[in-house]
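Each chain, letter by letter, is given below.
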Amino acid sequence: MRINNKIFFSAFKSILGLITALPFILFSITGFANGFPTASPESVGLSSGRLERLTDAMQRYIDKDQLAGTVSLIARNGKVVHVESQGWKNKETGEVMTDDSIFVIMSMTKPIVSAALMMLYEEGHFLLTDPITDWIPELEGKEVIVNDEYGSHRVPAEGPINIRHVLSHTAGVDPIRAALTAEELELLPRAATLEQTLIRRAPLPLSFEPGSDWQYGSSTDYVALLVERISGTSLVDYLQQNIFDPLQMVDTHYIVPKDKVDRVAAVYSPTGPNQSIDLFRAPEYQETTYFGGVAGLSSTVSDYWRFSQMLLNGGELDGVRLLSPKTINLMISNHSGDNDVYIRGPGYTFGLGFGIVNDPGTARDPLTPGTFSWGGAWGTIFFVDPVENLIGIMMTQITSYSHLTVRQDVGVTAMQSIIDSYSNKPYAVKPYQRID
């Protein structure tokens, strides 16, 4: 691991020069570090010199006091060729970032919970076109908000919300507050558990006919409740027994254990002068009874690499199979139609738990078409490129980052490090294309 902090540069410049070379030396010699297989960048068609641009890009944000610290990871052909912690895990206490730092991953919870439901799909419990009321009957009788020349009113939904809708964020389950009555607004606050929350909100209208639009919101909470109702176990237990334990994701938790809190990165907010960072939340042990699908998990780059590599391998890692390659193909295909996946901008469609690059000519992210990814509200990001057989992950903790391009910079520097492209070679998983 290399720590890039300004206060160390002047005193230990020569030492840091040696440390700069060590990761690549160790990757070549040991072949295994930090709990994952490693290799030199050149051995998998990447340039170690060009990968330094990723390091430099992250460091610029740290030097400008726009981020406290980052951990970045690049892997290709199942080998991690770059993992680097930079800056501070907690600036106030002087704790430097480490490769095993734990981050609140916010919406990067969604792909994991979506994968859990698709594991139950593979067991034959449901079809994607089945209504969710087969398992959550409390949601029967939904109405839809309609705005026309007569004003705003409600009509019965033309069809039910189905499982595909909640996986692809096309269910319309998040009506705008302005369209709700005072009594309905009182149903919105979170209850003690996910199930209590969603059932309390059952009387709320839909914002559009299911399947007719794309709306980012609470859809994956319904995915989580479906996992519980179909499996007959809690979401926490299902994920632990069927994903985390089999994949050896030992540091992924809804409740970070007390003996790991010292590894948790502090969360910052860009509320200082010129949007410099201030401490937003210091690490502390927190219990909860609310285990959602939208967010809630904390994890490490190592654990999330294991999950991502399983997907890229077509559902298998280290001899343990969670999903079929055919199911992965289905998950990374377009299920949002031509609807605007506005949260990622143009050039994206949405699958069953992932955003998918479909038009690099308009997408903000410089990724290969077919790349699937998602990020978290506190700055984390991951992407899986089936064409280049490559994974990128970056973890940081900041409450707002719209003024930064740090996530896009990870994509730029990862892509430009490729010196042997696989774009004309077969690859393990790919989205299905609609045939006109």
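Everything that follows concerns the structure shown earlier in this document.
Note that this is a predicted model, so its numbers are computed, not measured. (Residues numbered from 1 in each chain as written. Predicted model: local features only at pLDDT ≥ 70, side-chain atom pairs only at ≥ 80, totals over all residues. Heavy atoms only, no water.)

### Regarding the packing of aromatic side chains
To be explicit about the condition: Between rings of Phe, Tyr and Trp, where Trp is taken as its six-membered ring, a pair exists when centres lie within 6.5 Å; planes separated by under 30 degrees are stacked, by over 60 edge-to-face, and by other angles tilted. Only DSSP runs of H or I with at least four residues qualify as helices, and only runs of E with at least two residues qualify as strands; both kinds are numbered from the N terminus onward. Exposure is judged per residue with a 1.4 Å probe applied to protein chains only, and the accessible area is read against the type maximum: over 50% gives exposed, under 20% gives buried, and values in between give partly exposed.
All chains considered together, the criterion is met by 12 aromatic pairs. A ring pair is formed by Phe36 and Trp305, whose centres lie 5.8 Å apart and whose planes are at 65°; its orientation type is edge-to-face. Residue Phe36 is found in strand β2 (residues 36-37), and its partner Trp305 is found in helix α10 (residues 301-312); the two are separated by 269 residues along the sequence. Taken as a pair, Phe36 and Trp305 share a single burial class, namely buried. Relative to Phe307, the ring of Tyr304 lies with its centre 5.6 Å away and its plane at 65°, an arrangement referred to as edge-to-face. Residue Tyr304 and its partner Phe307 are both found in helix α10; the two are separated by three residues, about one turn of the helix.

### Looking at the environment of Thr197
Inclusion rule: Residue contacts are counted whenever heavy atoms from the two residues lie within 4.5 Å of one another. Any pair of nitrogen or oxygen atoms within 3.5 Å is treated as a polar contact; in protein, a donor-acceptor pairing is required on top of that, and neighbouring residues in sequence qualify only through side-chain atoms on both sides.
When you line up the elements, Thr197 lands in helix α7 (residues 194-200). For Thr197, a relative accessible area of 0% translates into the label buried. Separated by 54 residues in sequence, Thr197 and Glu143 have C-alpha atoms that sit 19 Å apart. Setting aside residues up to four positions removed in sequence, Thr197 forms contacts with Pro189, Arg190, Ala191 and Tyr290. Polar contacts involving the side chain of Thr197 include one to the main-chain amide nitrogen of Ala191, which spans 2.9 Å.

### Quick notes on the nonpolar core
Cut-off, in case you're wondering: Nonpolar cores are built from buried Ala, Val, Leu, Ile, Met, Phe, Trp, Tyr and Cys residues. Side-chain atoms within 4.5 Å join them into one set.
Residues Leu117 and Ile243 are the most contacted members of the largest nonpolar core, which totals 109 residues. Looking at which element gives the most residues to this core, the answer is helix α4 (residues 109-122), with eight residues. Look past the residues within four positions of Leu117 in its chain and what remains in contact with it is Phe126, Ile163, Leu167, Val223, Leu226, Val227 and Ile230.

### With respect to the environment of Ile74
By the element assignment, Ile74 lies in strand β3 (residues 69-76). In this structure the C-alpha to C-alpha distance between Ile74 and Ser231, which are 157 residues apart in sequence, comes to 34 Å. Contacts of Ile74, omitting those with residues within four sequence positions, involve Leu46, Leu51, Leu54, Lys79, Val80, Val81, His82, Leu390, Ile391, Gly392 and Ala414.

### Examining the packing of α4 against helix α9 (residues 235-247)
The following threshold applies: Between N-to-C directions, angles span 0 to 180 degrees; the directions come from axes that are lines fitted to C-alpha atoms, helices contributing only their stretch in contact. Geometric relationships in this document are graded by angle, where less than 35 degrees denotes roughly parallel, more than 145 denotes roughly antiparallel, 65 to 115 denotes roughly perpendicular, and other angles denote oblique. Just so you know the grouping, Ala, Val, Leu, Ile, Met, Phe, Trp, Tyr, Cys and Pro go in nonpolar, Asp, Glu, Lys and Arg go in charged, and all remaining residues, Gly too, go in polar.
At their nearest, the axes of α4 and α9 sit 11 Å apart, and the two run at 80° to each other. Classified by the angle their axes make, α4 and α9 are roughly perpendicular. Between α4 and α9, the contacting residues are Ile112, Val113, Ala116, Met119 and Leu120 on the first element and Leu235, Tyr238, Leu239, Asn242, Ile243 and Phe244 on the second. Taken together, the residues of the contact of α4 with α9 break down into 10 nonpolar, one polar and no charged.

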